[in-house]
Amino acid sequence: MLKIRVIPTLLWKNFGLVKGIGFDSWRRVGPVLPAIKVYNSRDVDELILVDITASLEGNAPDHDSVSDFSEECTVPFTVGGGITNLEQILSLLHAGADKIAINTAAYSNPSFIETAANRFGAQCVVVSIDAKRLGDGRYSCFSHSGATDAGRTPAEWAREVASRGAGEILLTSIDRMERCSAMTWSLLNKYPVL
């Protein structure tokens, strides 16, 4: 029997946390540090922090803020948003992140997954898959905070990123965002994927 892990995903936009419906209609819900403290006290298994506008706006990860956040975080901490190269990953790990999550950069350069996994270990590399149901009923993956259709099915892309060395997949249903923001599937233990 698999152990259920509780892994909240914090959506960070312009210095605060937000909540949205279908990757749209973002509303502020408060600052990051108090949320981290609350989740620490609730004994969650891990925390994920995603800068939802970094790739869309072409911003690099905010290492200084991640350093501040990681000082308060007492559980494994995954950070995503705007990651495009190994130097950024190294800097985030030095800032206190335990894992990194990539989405947009993985679509434009799939070999980046392999390069990152080879350098830092598969356990460090989380690939984020944002999926949305299209008008014809098919599902497709989206990048740039749900703004760009990547032209891949979630199952096809999950198999590819797993074969390229991703240790985990953060799967988010854009359509169900309000009710179920995200779940992480562990690939390290070789559980069946999709």
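Numbering of residues starts from 1 in each chain and follows the order in which that chain's sequence is written. Where totals are concerned, whole chains, interfaces and linings use all residues; where local detail is concerned, this predicted model gives features only for residues with pLDDT of at least 70, and gives and counts side-chain atom pairs only at 80 or more. Side-chain figures throughout are based on the complete set of non-hydrogen atoms in the structure, without hydrogens or water.

Asker: Whenever I open this one, the packing of helix α4 (residues 86-94) against helix α6 (residues 111-120) confuses me. Can you help?
Answerer: How two helices pack is summed up by the angle between their axes together with the distance between the axes. Put simply, α4 and α6 touch, their axes get as near as 11 Å, and they point 40° apart. Taken together, the axes of α4 and α6 lie oblique to each other. Along this stretch, α4 crosses α6, giving a crossing that reads as right-handed. Residue-level contacts link L86, I89, L90 and L93 of α4 to F112, T115, A116, R119 and F120 of α6. Under this grouping Gly is polar, as are all residues other than the nonpolar Ala, Val, Leu, Ile, Met, Phe, Trp, Tyr, Cys and Pro and the charged Asp, Glu, Lys and Arg. Residue composition of the contact of α4 with α6, by class: 7 nonpolar, 1 polar and 1 charged. Axis lines are fitted through C-alpha atoms, for helices just across the contact stretch, and the angle between N-to-C directions can take any value from 0 to 180 degrees. Helix numbering and strand numbering both begin at the N terminus, where a helix is a DSSP run of H or I of at least 4 residues and a strand a DSSP run of E of at least 2. Orientation labels follow simple angle bins: below 35 degrees gives roughly parallel, above 145 gives roughly antiparallel, 65 to 115 gives roughly perpendicular, and whatever is left gives oblique. By convention, the crossing between two helices is left-handed when the near helix turns anticlockwise from the far helix through less than a right angle, and right-handed when the turn is clockwise. Only heavy atoms enter the contact rule, under which two residues are in contact if any of them lie within 4.5 Å.

Asker: Would you mind showing me how to read the environment of R138 here?
Answerer: Position of R138 relative to the elements: it lies in the loop between β7 (125-133) and β8 (139-143). Distance and chemistry together define a polar contact, namely a pair of N or O atoms within 3.5 Å, with one atom able to donate a hydrogen and the other to accept it when in protein, and with adjacent residues in sequence counting only for side-chain atoms on both sides. Separated by 2.7 Å, the side chains of R138 and D136 make a polar contact.

Asker: Could you clarify how one ought to interpret a negative patch on the surface in this entry?
Answerer: Residues enter patches when their relative accessible area tops 30% and they take part in no salt bridge; the joining distance is 9 Å for like charges and 5 Å for the nonpolar side chains Val, Leu, Ile, Met, Phe, Trp and Tyr. Where accessible areas are quoted, they stem from the Shrake-Rupley method and a 1.4 Å probe; at the residue level, only the protein chains shown are allowed to cover. In the sections that follow, a salt bridge refers to a side-chain nitrogen of Lys or Arg positioned within 4 Å of a carboxyl oxygen of Asp or Glu. Asp and Glu count as negative and Lys and Arg as positive, but His and the ends of the chain are not part of the count. Every charge is mapped onto a representative atom, which is NZ of Lys, CZ of Arg, CG of Asp or CD of Glu. Taken together, D64, D68, E71 and E72 make up a surface patch of like negative charges. Assignment of secondary structure puts E71 in helix α3 (residues 63-72).

Asker: What exactly am I supposed to notice about the pairing of strand β5 (residues 77-80) here?
Answerer: Regular strands place their side chains on alternate faces of the sheet. Whether a residue is buried, partly exposed or exposed follows from its accessible area with a 1.4 Å probe, protein chains only, as a fraction of its type maximum: under 20%, in between, or over 50%, in that order. Burial of β5 is two-sided: the residues F77 and V79 facing one way and the residues T78 and G80 facing the other way are all buried. For strand β4 (residues 47-51) and β5, the ladder comprises 4 bridges, and the chain directions are parallel. Each residue of the ladder has a partner; that of L47, found in β5, is F77. The pairing criterion for strands is at least two bridges between them, as found by DSSP. Taken together, the 3 bridges between β5 and strand β6 (residues 99-102) define a ladder with parallel strand orientation. Paired with G80 across the bridge in β6 is A101. By convention a crossover is right-handed if, when the strands point away from the viewer, the path from the first strand over the helix to the second runs clockwise. Taken together, β5, α4 and β6 constitute a β-α-β crossover, and its handedness is right-handed.

Asker: I keep staring at the pattern of salt bridges and nothing clicks. Help me out?
Answerer: A side chain of one charge can pair with a side chain of the opposite charge when the charged atoms of the two come close. Enumeration according to the criterion identifies 8 salt bridges in this entry. One salt bridge in this structure joins R5 and E168, with 4.0 Å as the shortest N-O distance. One end of the pair, R5, is in the segment before β1 (9-13); the other, E168, is in strand β10 (residues 168-173), and 163 residues separate them in sequence. Taking the relative accessible area as the measure of exposure, R5 reaches 33% and is therefore partly exposed. We classify E168 as buried; its relative accessible area is 6%. Between R164 and E114 there is a salt bridge, with its nearest N and O atoms 2.5 Å apart.

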